[in-house]
Amino acid sequence: RQADEAMRSFGGYRRHIGSGDYAGLLVMILAAFAAVNSFRKSGPFSERERRFVWFWIGAALFSLILAYGRHAFLYRFLFELPYFSTTRNPIKFLHAFFVSVAILNAYGAEALWRNYLRAPVRAFGEFEKRWIYFWIGAVVVAVFGLFVLVSKKEELVHYLTLSGVVPGTESQLASFCIAETMWFVVFLTASVALMALIIRGMWTGKQAKWALVAMGVLLLCDVGRADRYWLKYYNYKEKYALNPVLDFLHQEPYEKKSTAKLMPFGHYDISACPAPRTPYDNNFYAVCNEWLQNQFPYYNIQALDIVQAPRTAEMDNNMASTFTPRTAAELPLCARLWQLTNTRYIFCWTGFLTRPLYQGGPSLQGLDPSGTAFQVRTRLNVIPGPGVTVPTTSADLTMEVAENGEFALVEYTNTLPRVKLYANWQTNDGAESTLATLKSPTFDPQKVVLVAKDTPVAAKPTDAADAGTVKIQDYHPKYIKMQANANVGSVLLLNEHWSPNWRVWVDNKESTLLQCNYLMKGVYVDKGQHTVEFKYHLPQGSLYVTLAGWGIAILVGGFVIVTNRRNGQSPSIEDPAPKDKSTTAKV
């Protein structure tokens, strides 16, 4: 009972199911047929072909073990190798596994053709008997397992209630599991029966085409039935259609960076409605996440939230670690991060403006010392998207402007502007010192900017209160042009991520790129009017390496083809002893 209660309070990782990898039972059986025949010296393969099959068997097994990640012994050793730990999702090694299986399947089909289809079948030997009997036994075991599963449905439902599934769906999931197992038994039986008929000589010579047709139809039915759950049709014009919210954000997007989380790397969003009035209220953040992955990139809308970061830069990790609140009392760090990163708009539940964001913590207004820095600009509700009657995923939902909406687009008025001139700046010794200063409540980023020690400034700061004005004239992801009017020598802060690949020109003369506020970029400008241009130049080294790799691959491929032709060989699968070259199949 205690174990049941502990499982019911499950709060760990979300359940990942159905990654969509399925090759088909006939493909797997043919791959196994190729593997078994490769160990027969009198089998259908030449010595060279046998080695190829062994290679792909090893590649398949190696990839499959790696796909288990930390649950298999091999990954623990490889994880210690340089850069191997950057692998974000080990299950992606299944791609290599299925490529290997597909190639083995081709060898298996070639073995069937050579021994049982292109000519009258040879004597039904001991190998054929063992092969067929083995798969008949597999069918019997599968049928027995199906009966056990059906008889244990109530226990399966009970197990699902303890496994973190959506409450109320346990019986439906159990029925689906049993149905899928039934289909497995059906297609396993059909695949084994078809293989047995081919081996027994049902189709040979001119009739072999019917065996190929039967295999194709069976594979199409098996894989097609499995894949139909993954087919999703949508109207791209409706999916990417502008609505009032997107239309507002995509106008001058560099001035309207947004967020829907307290932390860009965190899991706690500020959109959850504790007492939803409609069935869609709890899906507000899901819509935000859908937009972040699709509509935002399409319209070049900027956001602080990071949807995927398999290899997070050290700078980003340090910044996130510094401004991640460990207690409810540290929640104001989120507002400081928004301020430093020019995050102006927050998607959130309207109740959080006055109610605690977290148990024992402040409200959204309480994150800023002024208490009035967060202002509701537009109230929103979640509704089904255009043409959708019954939403099934977050992609089927959208937002509408509503006078009494449960959610809102809130403006943070105390954030830094995208670009600003500073007559006062401070140089810190290192990253730790800079981050500690930025985090300190006594530091005012509206008045002082921090400049990294390794990006020196030619002049010294002054006490001028008004450094001047600067305005963006042309903005693109890799090119930014602005006009600055500096009253004194100033540091121009551009609140965009610093990178050594950025270069800056002042009045058509290249200048020193500054690293400001640890994560942002800037440049020093003298008194007067200036045209400032930031340009992104990606290093060409990786391109040259890629081109060289392609060149070497083409040369090696050409060398292999030419060498084989000179030796009278074909680079395709060999036939060790074809009796009739006119009927030899090449897979």
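### Quick notes on the overall build of the chain
Argument step 1. The helix and strand tally for the chain stands at 17 helices and 16 strands.
Argument step 2. Whereas a compact globule of 587 residues would reach a radius of gyration of roughly 25 Å, the chain reaches 32 Å, over 25% beyond that.
Argument step 3. Its C-alpha atoms give the chain principal-axis dimensions of about 100 × 65 × 45 Å.
Argument step 4. The proportion of buried residues among the 587 residues of the chain is 42%.

### Some details on the sheet that holds strand E4 (residues 397-401)
Argument step 1. Overall, mixed pairing links the five strands, which are arranged E1-E2-E5-E3-E4 in an open sheet. Every interior strand has two partners, whereas the edge strands, strand E1 (257-259) and E4, have only one. Each neighbouring strand pair of the sheet contributes to a mean axis angle of 35 degrees, computed without reference to strand direction.
Argument step 2. Of the strands in this sheet, strand E2 (343-349), strand E3 (374-384), E4 and strand E5 (407-412) are in contact with helix H12 (residues 284-293), which crosses E4 at around 105 degrees.
Argument step 3. Against the sheet, helix H15 (residues 332-340) makes contact with E1, E2, E3 and E5, and its axis sits at roughly 65 degrees relative to E5, the strand it touches most.

### Focus on the nonpolar core
Argument step 1. Counting residues in each nonpolar core, the largest one holds 91 residues, and the members touching the most others are Trp338, Phe347, Phe374, Leu492 and Phe534.
Argument step 2. In terms of residues, this core owes the most to one element, H15, which gives six residues.
Argument step 3. Trp338 has contacts with Thr259, Lys261, Leu262, Ile270, Leu304, Thr343, Ile346, Leu364, Leu367, Phe374, Tyr412 and Thr415, leaving out every residue within four places of it along the chain.
Argument step 4. Of all hydrophobic cores here, the second largest spans 46 residues; its members include Leu26, Ile29, Ala35 and Ala142.

### Concerning the pattern of salt bridges
Argument step 1. Within the structure shown, the criterion is met by 13 salt bridges.
Argument step 2. Between Arg225 and Glu180 there is a salt bridge whose closest N-O contact spans 3.0 Å. Placement of Arg225 in helix H9 (residues 208-227) and of Glu180 in helix H8 (residues 170-199) is noted, with a sequence separation of 45 residues between them.
Argument step 3. For Arg225, a relative accessible area of 15% puts it in the buried group.
Argument step 4. Glu180 gets classed as partly exposed once you look at its relative accessible area, which sits at 22%.

### Things to note about unusual backbone geometry
Argument step 1. Of note in the backbone geometry, Glu252 takes a positive phi value of approximately 50 degrees without being a glycine.
Argument step 2. Positionally, Glu252 belongs in the loop between helix H11 (244-250) and E1.
Argument step 3. Even without being a glycine, Asn342 presents a positive backbone phi close to 60 degrees.

### Looking at helix H3 (residues 47-67)
Argument step 1. The terminal C-alpha atoms of H3, which comprises 21 residues, lie 30 Å apart, in line with the 30 Å expected from a rise of 1.5 Å per residue.
Argument step 2. Considered for burial, the residues of H3 that qualify are Glu49, Arg50, Val53, Ile57, Ala59, Ala60, Ser63, Leu66 and Ala67.
Argument step 3. For H3, the secondary structure elements touched by its buried residues are helix H2 (25-37), helix H4 (73-78) and helix H5 (93-117).
Argument step 4. One or two steps after H3, the chain reaches Gly69, where phi turns positive at roughly 60 degrees.

### Regarding the packing of aromatic side chains
Argument step 1. Per the stated rule, a full pass over the model turns up 23 aromatic pairs.
Argument step 2. Their ring planes at 80 degrees and their centres at 6.5 Å tell us that Trp291 and Phe347 sit as a pair that is edge-to-face. Of this pair, Trp291 sits in helix H12 while Phe347 sits in strand E2, placing them 56 residues apart in sequence.
Argument step 3. A relative accessible area of 3% places Trp291 in the buried class.
Argument step 4. Take Phe347: its relative accessible area is 2%, and that puts it in the buried class.
Argument step 5. Taken together, Phe33, Tyr116, Phe127, Trp131, Phe134 and Trp135 form an aromatic cluster joined through their ring pairs.

### What to know about a nonpolar patch on the surface
Argument step 1. A contiguous nonpolar surface patch, about 390 Å² in accessible area, is contributed by Ile552, Val556, Phe559 and Val560.
Argument step 2. One can find Val560 in helix H17 (residues 541-566).
Argument step 3. Among the residues examined, Val560 registers a relative accessible area of 38% and is labelled partly exposed.

### Quick notes on the side chain of Thr350
Argument step 1. Tracing the sequence through the fold places Thr350 in the loop between E2 and E3.
Argument step 2. Here Glu406 takes part through its backbone oxygen, which lies 3.0 Å from a polar atom of the side chain of Thr350.

### Some thoughts on the state of the cysteines
Linking two cysteines covalently via their sulfur atoms produces the bond known as a disulfide.
Argument step 1. Applying the stated criterion across every chain yields a total of zero disulfides.
Argument step 2. Free cysteine Cys334: the closest other cysteine sulfur is in Cys348, separated by 13 Å.

### A few points about the confidence of the model for the chain
Argument step 1. Of the residues in the chain, 91% reach a pLDDT of 70 or more, and the chain-wide mean stands at 86.
Argument step 2. Counting interchain partners and residues more than four positions distant, the pLDDT-below-50 stretch residues 1-15 has nine contacts.
Argument step 3. Across residues 570-587, confidence stays below pLDDT 50; counting only partners more than four residues off in sequence or on other chains, it has 35 contacts.

### Quick look at the packing of H3 against H5
Argument step 1. It is at 8 Å that the axes of H3 and H5 come closest, and there the two elements cross at 150 degrees. Viewed along their axes, H3 and H5 adopt a mutual orientation that is roughly antiparallel. For the pair H3 and H5, the sense of crossing is left-handed. Contacts from Glu49, Phe52, Val53, Trp56, Ile57, Ala59, Ala60, Ser63, Leu64, Leu66 and Ala67 in H3 reach Phe93, Leu94, Ala96, Phe97, Ser100, Ile103, Leu104, Tyr107 and Arg114 in H5.
Argument step 2. A breakdown of the residues in the contact of H3 with H5 according to their chemical character gives 16 nonpolar, two polar and two charged.

### Looking at the environment of Pro417
Argument step 1. Mapped onto the fold, Pro417 is located in the loop between E5 and strand E6 (419-422).
Argument step 2. Its relative accessible area of 28% is what places Pro417 among the partly exposed residues.
Argument step 3. Taking the C-alpha atoms as reference points, Pro417 and Ser85, separated by 332 residues in sequence, lie 38 Å from one another.
Argument step 4. Residues within four places of Pro417 in sequence aside, it is in contact with Asn342, Arg344, Gln446 and Asn495.

### Observations concerning the sheet that holds strand E16 (residues 528-536)
Sheets are built from strands paired through backbone hydrogen bonds, the pairs being either parallel or antiparallel.
Argument step 1. Across the sheet, five strands lie side by side as E9-E10-E16-E12-E13; this open sheet has antiparallel pairing. Edge positions in the open sheet fall to strand E9 (468-476) and strand E13 (509-511), since each of these has one partner strand only. Neighbour to neighbour, the strand axes of the sheet diverge by 25 degrees on average, direction disregarded.
Argument step 2. Of the pairings in the sheet, the one linking strand E12 (residues 502-506) to E13 comprises three bridges and is antiparallel in character. Bridge pairing links Val506 to Lys509 in E13.

Conventions adopted
Residues numbered from 1 in each chain as written. Predicted model: local features only at pLDDT ≥ 70, side-chain atom pairs only at ≥ 80, totals over all residues. Heavy atoms only, no water. Helix = DSSP H or I, 4+ residues; strand = E, 2+ residues; numbered from the N terminus. Rg over C-alpha atoms; globule rule 2.2 N^0.38 Å. Buried < 20%, exposed > 50% of the residue type's maximum accessible area, 1.4 Å probe, protein only. Pairing = 2+ DSSP bridges. Axes fitted to C-alpha atoms, helices over the stretch in contact; angles between N-to-C directions. Contact = heavy atoms within 4.5 Å. Core = buried A, V, L, I, M, F, W, Y, C linked by side-chain atoms within 4.5 Å. Salt bridge = Lys/Arg side-chain N within 4 Å of Asp/Glu carboxyl O. Expected span 1.5 Å × (residues − 1). Phe/Tyr/Trp six-rings, centres within 6.5 Å; stacked < 30°, edge-to-face > 60°. Patch = residues over 30% accessible without salt bridge, like charges linked within 9 Å, V, L, I, M, F, W, Y side chains within 5 Å. Areas by Shrake-Rupley, 256 points an atom, 1.4 Å probe, with all protein chains shown as cover. Polar contact = N/O pair within 3.5 Å; in protein donor to acceptor, adjacent residues only side chain to side chain. Disulfide = S-S within 2.5 Å. pLDDT = per-residue confidence, 0-100. Parallel < 35°, antiparallel > 145°, perpendicular 65-115°, else oblique. Left-handed = near helix turned anticlockwise from the far one by under 90°. Nonpolar A, V, L, I, M, F, W, Y, C, P; charged D, E, K, R; others polar.

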